[in-house]
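Understanding the architecture of this molecule
The primary structure of each chain is shown beneath.
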Amino acid sequence: VRLCQAGLETLIGSRSEERAVGKARELAAELRGAGLNPTLAGVPNHVLVEKADLIFLSVRFPHVIDSARSLPFKAGSRVVDTSVPVIFEAGAARFVEDGEGSVSERLCAALPKGVRVVAAFKTIPARILGDLDSGLDCDVFVCGDDEATKQAVMRVAGLIPGLRPLDAGPLSEARTIERMAALAVKLNLRYKVKAARFRAVGV
Ligand SMILES: NC(=O)c1ccc[n+]([C@@H]2O[C@H](COP(=O)([O-])OP(=O)(O)OC[C@H]3O[C@@H](n4cnc5c(N)ncnc54)[C@H](OP(=O)(O)O)[C@@H]3O)[C@@H](O)[C@H]2O)c1
């Protein structure tokens, strides 16, 4: 929705083509209702990975790495990993520790050599991203080891009204950002809100 709002040609992927097409139609109608003219289509995940210039991986944790491995990523593919390693148990959120580092680093290690992984959008609640009436008014922390891809993701994030992209450094910073996202989830639960997010002051 926000990529369309920014005027970008957008594909929605799913394991099911029917779900992808249905969701794209539903969102396109919603966007037209808001006075926008989106270029939006739904395709199976493997088609999206072959076609898209920038691929936002937004798969339910903990299926992220297995599902990415099953898709036709190749050297040069540019992937934005949005994953947060949190699972919900009995109304509580639990951060899932892994000695091998952040999800983004493990994803990068699991994908073919030459795939460029950037971590971003981890600390922004889906609920407000999906609601054009909600002002975002926050920062998006972007980190990655390929400088050109990181800058490309920052340019795209900067096109979205109300978002300020911040260069958070190398991909290893995803360890901190994933923890910040987990904190936001816990704040939401504790304060019974749905849109806790971050703004760095003094930057
Ligand atoms: N929700 C948030 O506020 C938020 C904020 C920041 C980051 N994130 C991150 O964004 C990602 C998506 O979160 P979400 O809340 O959108 O999750 P979600 O709605 O539970 O799932 C997103 C999609 O994952 C796919 N999926 C589900 N089970 C799968 C499986 N076993 N194998 C492969 N794909 C599967 C489904 O797509 P199909 O069935 O159509 O294939 C589903 O629509 C997560 O990594 C999460 O940590 C979420």
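Quick look at the structure, then. (Residues numbered from 1 in each chain as written. Predicted model: local features only at pLDDT ≥ 70, side-chain atom pairs only at ≥ 80, totals over all residues. Heavy atoms only, no water.)

**Topic: the overall build of the chain**
The line we're drawing: Secondary structure is summarised from DSSP: a helix means a run of H or I of at least four residues, a strand means a run of E of at least two, and numbering begins at the N terminus for each. Atoms counted for the radius of gyration: C-alpha only. Globule rule: 2.2 Å times residue count to the power 0.38. Think of it in three bands: residues with accessible area under 20% of the maximum for their type are buried, residues over 50% are exposed, and the middle band is partly exposed, with areas taken using a 1.4 Å probe on protein chains only. In this analysis, two residues are considered to be in contact whenever any of their non-hydrogen atoms come within 4.5 Å of each other.
The helix and strand inventory of the chain stands at eight helices and nine strands. A compact globule built from 203 residues should have a C-alpha radius of gyration of about 17 Å, and the chain, at 16 Å, falls within 12% of that. When the 203 residues of the chain are sorted by exposure, 44% land in the buried category. Put simply, 70% of the contacts in the chain that link residues at least 6 apart link residues at least 24 apart.

**A word on the site of the ligand**
Put simply, the rule reads: Consider each residue's heavy atoms; a residue with any of them within 4 Å of a molecule or strand counts as near. Any pair of N or O atoms that falls within 3.5 Å is considered a polar contact. Within protein, one atom must be able to donate a hydrogen and the other to accept it, and sequence-neighbouring residues count only if both atoms are side-chain atoms. The Shrake-Rupley method, run with a 1.4 Å probe, gives the accessible areas here. Residue values count only the displayed protein chains as cover. Polar here means any residue other than Ala, Val, Leu, Ile, Met, Phe, Trp, Tyr, Cys and Pro, which are nonpolar, and Asp, Glu, Lys and Arg, which are charged; Gly is therefore polar.
For the ligand, the set of nearby residues contains 17 residues, the closest of which are Ser 14, Arg 15, Arg 19, Arg 60 and Ala 126. At 3.3 Å, a side-chain N or O of Thr 82 approaches an oxygen atom of the ligand. Val 84 places a main-chain nitrogen or oxygen 2.8 Å from an oxygen atom of the ligand. Its free accessible area being 890 Å², the ligand has 67% of it covered by the protein chains. Tallied by class, residues from the shell around the ligand come to seven nonpolar, six polar and four charged.

**Section: helix α8 (residues 174-191)**
For the α-helix, the turn length of 3.6 residues means that residues three or four positions removed from each other point alike. So the rule is basically this: Each helix should span, by expectation, one fewer than its residue count multiplied by 1.5 Å. By construction, the arc corresponds to the directions joining the helix axis to the C-beta atoms.
For α8, spanning 18 residues, the distance from its first C-alpha to its last is 25 Å, which sits close to the expected 26 Å at 1.5 Å a residue. Of all the positions in α8, only Ala 174, Ile 177, Glu 178, Ala 181, Ala 182, Ala 184 and Asn 188 are classed as buried. An end-on view of α8 places all buried positions within 150° of arc, on one side of the element. Of the residues in α8, the exposed ones pointing more than 90 degrees away from the buried face are Arg 190 and Tyr 191. Once α8 finishes, Lys 192 follows within two positions and takes phi at roughly 55°, a positive value.

**Points about the nonpolar core**
Heads up, the rule is: Buried Ala, Val, Leu, Ile, Met, Phe, Trp, Tyr and Cys residues that are joined via side-chain atoms within 4.5 Å together make up what is termed a nonpolar core.
Membership of the largest hydrophobic core comes to 27 residues, with the highest contact counts inside it found for Phe 73, Val 79, Leu 107, Leu 111 and Val 117. Put simply, the parts of the chain that give this core at least two residues each are α3 (45-51), β3 (55-57), α4 (64-69), α5 (103-110), β7 (116-119), β8 (138-144) and α8. Setting aside residues up to four positions removed in sequence, Val 79 forms contacts with Ile 55, Leu 57, Phe 73, Leu 107, Leu 111, Val 115, Arg 116, Val 117 and Val 118. Membership of the second largest hydrophobic core comes to 19 residues, among which are Val 118, Phe 121, Val 156 and Ala 157.

**Re the pattern of salt bridges**
As a reminder, the rule being used: Put simply, a salt bridge is a Lys or Arg side-chain nitrogen that is within 4 Å of an Asp or Glu carboxyl oxygen.
A full pass over the atoms with the stated rule returns 14 salt bridges. Lys 122 is the partner of Asp 81 in a salt bridge, and the nearest nitrogen-oxygen pair spans 2.9 Å. A residue pair is termed long-range when its members are at least 10 positions apart, and Asp 81 in strand β4 (residues 78-81) and Lys 122 in the loop between β7 and α6 (126-129) qualify at 41 residues. We note that Asp 81, like Lys 122, is buried. The residue Arg 94 makes a salt bridge to Glu 89 at a minimum N-O spacing of 3.1 Å. Since its relative accessible area comes to 39%, Arg 94 is described here as partly exposed.

Limitation: the analysis is restricted to geometry and does not speak to function.
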